[in-house]
Each structure stands twice: as C-alpha cells, then as structure tokens.
Amino acid sequence: MSKHRRFGPIPLKQNVALDDLESSRGQPLILAIMSRVPNDPRVVAIAMAVREAGGRAFLVGGWVRDLVSLRLRDAGGLPEAEEFDLEVYRLPPERLVPVLGRFGAVKLVGESFAVYKVVPPSAPPEGGPPPAAIDVSLPRRDTKVAPGHRGFKVLGDPDLSLEEATRRRDFTVNAMLHDPLTDETIDPWRGEDDLRARTLRAVDPATFVEDSLRVLRAVQLAARLEFTIDPGTVELCRRIDLRDLPAERIWGEIEKLLLKADRPSIGLEWADRLGVVDGLFPELKALKGCPQEKEWHPEGDVWIHTLLALDRARQESAGLPREKRLAVMLATLCHDFGKPRTTAVVDGKIRSYEHEEAGIEPTTAFLDRLKVHTLGGYDLRREVIQIVAHHLTPSHYFKNRDNVGDGAFRRLARGLDPELLYLVSRADCLGRTGDFSTEAQEWFIAKVRGLGVEHSPPRPILMGRHLLEMGLAPGPRIGRITRAVYEMQLDGRVTDLEGAILEARRLLSEETPD
C-alpha cells in the first residue's frame with residue numbers, strides 16, 4: 001500500500017521507513033531549495049534547523065495535496081497558503097521547542113498532542129499581507145475513549161512510523177507528506193491515485209467513522225475540489241451520527257463551503273446524499289419537492305433553484321470582504337425558506353405569497369442552530385435576516401417605480417446594505433434556467449447609488465448639539481425633534497443644516513408646552 005514519491009530527477013523509492021529515507025547531509029542553498037518548495041523562508045529554515053537537531057520535518061495537509069495536484073497537471077508554480085502545517089519526526093518536545101524558539105514566539109496549542117504555533121518576531125511590512133501561520137506538531141497517536149467528535153485521547157509520539165501517523169487522517173489525498181528540503185513527496189495511502197481520479201476516499205474505515213466532523217469535511221472538500229466521493233466512503237458517512245457535533249464546528253465547515261468552493265451546490269448535493277441535510281438542517285430539507293410555477297422557475301423545485309442561485313451568488317459576491325460575502329451567500333441560501341409554508345395553487349398557478357416575511361422565522365432558526373451572530377463587529381445575523389425579508393424589494397420597487405419615492409430607498413438602507421440586497425436579488429433572478437432579465441435589479445442599484453445610500457442611510461443633518469446651541473434644554477424633546485427632522489431629510493424635504501434648523505424651529509413652535 002505504501003509508496004514514496006519524489007518529484008524531480010532523483011529516482012523514486014518504495015519504502016516509507018524513516019531510517020531508509022534519503023536525506024542530504026550537506027547544507028543545501030536556501031535559494032536553490034526555495035525555487036521548488038514553499039515560498040516562505042521560515043518553513044525551509046525551520047526544516048533545516050529540525051534536521052540539524054536530528055529530526056525531520058514534513059509539510060502535511062492541504063498544501064501538499066494542492067502541490068501534488070499542480071504537478072500532476074504540469075501547472076507549475078506553488079499553491080497559495082494561509083497557513084503551513086509541519087509535522088516533525090524523531091524529535092521529542094523538549095528538543096523541538098528550543099529549535100522553534102529561534103524563529104519567534106512558540107505558543108502551545110495542544111499540550112497532550114504537542115501542537116505549536118510559531119509567531120514571527122516582527123510585524124509584516126506596512127501595507128503588506130501578514131505572513132502565513134506555521135503550525136508545528138508531532139505525529140499523533142489517537143485512542144477513541146468516548147462517543148462523539150471530542151471523545152479522543154491524543155498523544156504526540158515523534159517515533160511513530162509514517163504509515164501509522166497518516167493512518168488517522170481523513171482522506172487519502174490529505175495523507176501525503178512533503179519534505180521541503182529534498183522535495184520528496186511521500187504517499188503511504190495512494191493519495192496521488194485518488195487525485196488523478198478526482199476522488200475522496202477514506203484512509204482507514206475503522207478510524208474514519210470515529211470522527212463525525214469528517215462527514216462535513218467530505219461535503220466541503222468535494223465541492224472545493226469538485227471531486228466525487230468513493231462509494232465505500234459514502235456508506236461510511238451515512239452511518240455516522242452527526243448529533244454530537246457542536247454548532248461552531250458545523251459552521252466552520254459550512255463557511256468553508258460557502259467561501260472556498262466555486263460551486264457550493266456540489267457540496268449541498270453531497271450533503272443531501274450523505275444524510276447531512278435530513279439530519280441537521282430541516283429548513284433545507286423542506287425545500288426539496290416544494291413546487292414552483294414553471295413559467296418563472298423552469299429549473300424545478302425550490303431546492304434546485306436554491307442550488308443554482310447559490311452558485312450564482314458565489315460569482316456575484318467575489319471580491320467583497322469576508323463578512324459581506326458571507327452575508328450574500330447565507331441570504332441566498334435562506335432566501336426562499338418561507339416558500340414551503342406559503343406555497344399554494346391559486347387560480348391554477350403555483351404561488352408563494354408573502355414568502356419573504358414567512359422566511360424570517362426559519363432563517364432565524366437556521367442561524368441560531370449554527371450560532372451565527374456577529375463577525376468582527378459586523379452584524380451578520382441581522383444583515384442576512386433583513387435581506388431575506390426584503391429579497392423581492394428591488395423587483396417590487398421596479399414594478400411600482402412611478403410611485404416609489406426616494407425616501408423609500410433611504411429608509412430601506414436603514415435596515416440593510418442595499419448593494420448586498422442587489423447582489424442577492426441578482427443571484428435569485430439568474431439562478432434559474434432560461435433567459436431572465438435583471439433590468440429591475442440594475443434599475444434598483446442605479447437608484448441607490450445615485451442617492452448615495454448603496455451601503456448605508458444618509459447621516460442625519462440635524463444633531464442634538466444643534467438644538468442645544470439653539471437654547472433647547474437637554475431632555476426627551478431633543479430626540480423627538482431630531483427624529484422628526486431626520487424623517488423629513490429621508491423624504492428629501494430637508495437637504496441642508498439651514499433647512500433642518502428652520503424645520504426644528506417650526507416643530508418647536510407647534511409643540512404644546514409640557
């Protein structure tokens with residue numbers, strides 16, 4: 001089963017025992033090494049220091065998978081990385097930590113299984129991106145001691161063989177190791193074969209089923225890589241009870257699906273096939289089989305439409321900051337949650353009247369289940385719910401454009417980001433088969449941009465300090481007057497401070513003395 005591959009002119013070797021692995025005892029030039037391994041000198045320097053101390057460091061995880069994939073396609077270059085994972089053999093913690101300390105602060109993440117985060121000693125150049133994180137770990141020996149995702153006893157063991165160390169990984173394509181000094185890629189479980197076949201396959205069925213999170217990892221990786229899942233692995237996933245998974249871990253995999261897959265629909269289709277939808281997400285389950293009028297939705301039921309719209313939203317939201325991309329993706333995923341409870345046949349047509357309002361409750365329940373609230377101070381939950389509740393507003397405004405005043409757009413911007421609403425509305429419109437116009441959406445975005453409220457409502461012209469300067473005493477009248485004048489501002493009746501003060505004086509003169 002094991003095989004040891006090296007990319008480059010040095011012949012392949014077939015034994016994965018560490019004692020037999022080729023290792024250069026010379027001091028390779030770092031520039032020569034950097035021409036073919038991660039373009040981060042810290043990775044190479046740490047690997048060299050580990051070797052000098054008597055150990056060997058391998059890159060593991062997704063970066064290695066992506067490197068092998070690029071080389072199989074003769075694509076050249078190196079994968080991008082937000083983080084690097086190094087696994088160190090033959091060096092116990094008491095000798096490893098001082099080696100790592102030469103490269104920055106060392107933070108122990110998991111004491112029993114020895115995972116260390118290396119924090120660089122200096123900040124990145126001004127305006128430059130932060131350096132990729134480097135996590136360094138020992139090979140892990142896991143023992144299942146209790147049910148559930150967290151029921152493991154985990155110990156770091158630097159003397160594990162490569163085969164035993166990689167046996168507990170999830171999929172064969174993630175079980176390869178790469179030596180950044182020799183450019184060797186070691187593949188104990190034939191992951192390269194599965195990369196060629198574009199297939200996710202469990203490394204070891206006996207250990208795979210012990211971690212329920214792997215079902216959701218299969219879902220998001222199948223979408224990100226656009227791979228199929230091996231039939232045997234499908235059956236393993238279907239047997240796993242997902243009820244032990246904490247909301248934070250579920251959300252972590254859903255977020256990767258929404259942000260990192262070009263076609264998130266692939267992951268949702270696998271989620272359906274693997275029992276994830278039925279087991280975890282009743283709001284999504286309800287969309288399956290919910291009919292739609294063919295004149296407007298020739299693609300099929302609400303589930304199919306949601307999949308198409310989600311893929312479109314992925315395109316529409318490209319380039320946005322993370323939190324806004326998530327708002328667009330989640331709102332698109334949830335936008336028709338109200339249809340199952342409102343869909344009926346009316347005068348021979350399938351209708352879903354007021355499904356926007358009906359979608360608020362299931363959307364709230366869905367976000368609650370995932371514990372989605374704020375993200376870096378951004379109220380993601382509120383934005384998603386508001387967009388779901390108003391996702392037909394651009395079309396409604398367009399149909400009634402002769403009667404919709406500028407104040408309606410300004411007031412809408414008080415509750416949500418109109419540009420994000422526009423993107424979700426476009427995804428909804430284009431997430432269908434057939435030829436449908438986005439004229440309503442383009443009219444809508446032109447209006448809000450013209451009014452300068454594409455992201456937020458106008459700032460109030462009249463402030464409390466202006467009323468204090470007019471001699472008004474502090475108290476509730478300040479709030480009443482500023483709110484009333486702001487409403488006039490939203491309607492366009494107040495456009496500058498002079499006009500705002502005049503209206504404030506008029507309102508004060510009309511008030512009955514307390």
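This one's a predicted model, so the numbers in the text were calculated from it and none came from an experiment. (Residues numbered from 1 in each chain as written. Predicted model: local features only at pLDDT ≥ 70, side-chain atom pairs only at ≥ 80, totals over all residues. Heavy atoms only, no water.)

(A) Seen up close, the side chain of T482. Assignment of secondary structure puts T482 in helix α25 (residues 476–491). A distance of 3.1 Å separates a polar side-chain atom of T482 from the backbone oxygen of G479. The residues touching T482, leaving out its near neighbours within four places in the chain, are L462, M463, G464 and L467. (Helix = DSSP H or I, 4+ residues; strand = E, 2+ residues; numbered from the N terminus. Polar contact = N/O pair within 3.5 Å; in protein donor to acceptor, adjacent residues only side chain to side chain. Contact = heavy atoms within 4.5 Å.)

(B) Focus on the pattern of salt bridges. Tallying each qualifying case throughout the model produces 43 salt bridges. A salt bridge links R167 to D204, with the shortest nitrogen-to-oxygen separation between them at 3.4 Å. Of this pair, R167 sits in helix α5 (residues 162–167) while D204 sits in the loop between β11 (199–200) and α7 (205–208), and the two are 37 residues apart along the sequence. Judged by its relative accessible area of 22%, R167 falls in the partly exposed class. Between R411 and E487 there is a salt bridge, with its nearest N and O atoms 2.8 Å apart. A residue pair is termed long-range when its members are at least 10 positions apart, and R411 in helix α21 (residues 406–412) and E487 in helix α25 qualify at 76 residues. (Salt bridge = Lys/Arg side-chain N within 4 Å of Asp/Glu carboxyl O. Buried < 20%, exposed > 50% of the residue type's maximum accessible area, 1.4 Å probe, protein only.)

(C) Fine view of the side chain of H297. Tracing the sequence through the fold places H297 in the loop between α13 (282–285) and α14 (302–316). Since its relative accessible area comes to 11%, H297 is described here as buried. A polar atom in the side chain of H297 sits 2.6 Å from the side chain of E299. Not counting the four nearest positions on each side in its chain, H297 is found in contact with Q292, H305, K339 and R432.

(D) Structural detail: the packing of helix α11 (residues 264–273) against α14. Here α11 crosses α14 at 145°, and the two axes come no closer than 8 Å. Facing P264, S265, L268, E269 and D272 of α11, the residues of α14 in contact are W303, L307, L310, D311 and R314. Within the contact of α11 with α14, the residues separate by chemical class into five nonpolar, one polar and four charged. (Axes fitted to C-alpha atoms, helices over the stretch in contact; angles between N-to-C directions. Nonpolar A, V, L, I, M, F, W, Y, C, P; charged D, E, K, R; others polar.)

(E) Representation of the pairing of strand β6 (residues 133–137) within the structure. Within β6, four of the five residues are buried, which leaves it mostly tucked inside the rest of the structure. Of the strand pairs in this sheet, strand β3 (residues 83–89) and β6 are connected by five bridges, and their pairing is parallel. When the bridges of β6 are listed, F84 appears paired with I134. By the bridge criterion, four bridges tie strand β5 (residues 115–119) to β6 in an arrangement that is antiparallel. Opposite V115, over in β6, you have S137 as the bridge partner. (Pairing = 2+ DSSP bridges.)

(F) Local environment of empty space enclosed by the protein. Here the structure, examined in full by the defined rule, presents two cavities of 30 Å³ or more. Taken as a whole, the largest cavity encloses approximately 40 Å³ of empty space. Looking at the largest cavity, the residues that line it are I254, L257, L258, L268, F281, L284, L310, L333 and F366. Top contributing element to the lining of the largest cavity by residue count: helix α10 (residues 247–260), with three residues. Within the lining of the largest cavity, the residues separate by chemical class into nine nonpolar, no polar and no charged. In this structure, the second largest cavity encloses a volume near 30 Å³. Lining the second largest cavity, in full, are V219, I254, L257, L268, A271, V277, F281 and L284. For the lining of the second largest cavity, the elements supplying multiple residues, two or more each, are α10 and α11. (1 Å grid on protein atoms, 1.4 Å probe; cavity = no way out; pocket = protein on both sides within 12 Å on 5 of 7 lines; lining within 4 Å. Points joined across faces, edges and corners; volume = space filled by probe spheres on them.)

(G) Structural context of the confidence of the model for the protein. For the protein, per-residue confidence averages 89 on the pLDDT scale, and residues scoring 70 or more make up 87% of the total. Of the regions scoring below 50 in pLDDT, residues 1–35 engages in 84 contacts with residues more than four places distant in sequence or in other chains. (pLDDT = per-residue confidence, 0-100.)

(H) Broad picture of the packing of aromatic side chains. Scanning all chains against the criterion turns up nine aromatic pairs. Here the aromatic residues Y397, F398, F409, W443 and F444 are joined through ring pairs into a cluster of three or more. Between R401 and the ring centre of F398, over which it is positioned, the NZ or CZ distance is 4.0 Å. It is R449 that lies over the ring of Y422; its NZ or CZ is 6.0 Å from the centre. (Phe/Tyr/Trp six-rings, centres within 6.5 Å; stacked < 30°, edge-to-face > 60°. Lys NZ or Arg CZ within 6 Å of the ring centre and 35° of its normal.)

(I) Spatial organisation of α14. In a regular helix each residue adds 1.5 Å, so 15 residues correspond to 21 Å; α14 covers 20 Å between its end C-alpha atoms and thus fits that length. For α14, the buried fraction is high: 11 of the 15 residues fall into the buried class. The set of residues buried in α14 consists of V302, W303, H305, T306, L307, A309, L310, D311, A313, R314 and E316. By the N-cap criterion, in which a side-chain oxygen at the helix start approaches the backbone nitrogen of a residue two or three places on, α14 is capped by D301, the distance to W303 being 3.1 Å. (Expected span 1.5 Å × (residues − 1).)

(J) Layout of the environment of L274. Positionally, L274 belongs in the loop between α11 and α12 (276–280). Distance in space between the C-alpha atoms of L274 and A218 is 9.4 Å, their sequence separation being 56 residues.

(K) Spotlight on the environment of G101. Within the secondary structure layout, G101 lies in the loop between α4 (93–100) and β4 (105–110). Classification of G101 as partly exposed rests on a relative accessible area of 43%. Along the backbone, G101 and V119 are 18 residues apart, and their C-alpha atoms lie at a distance of 9.4 Å.

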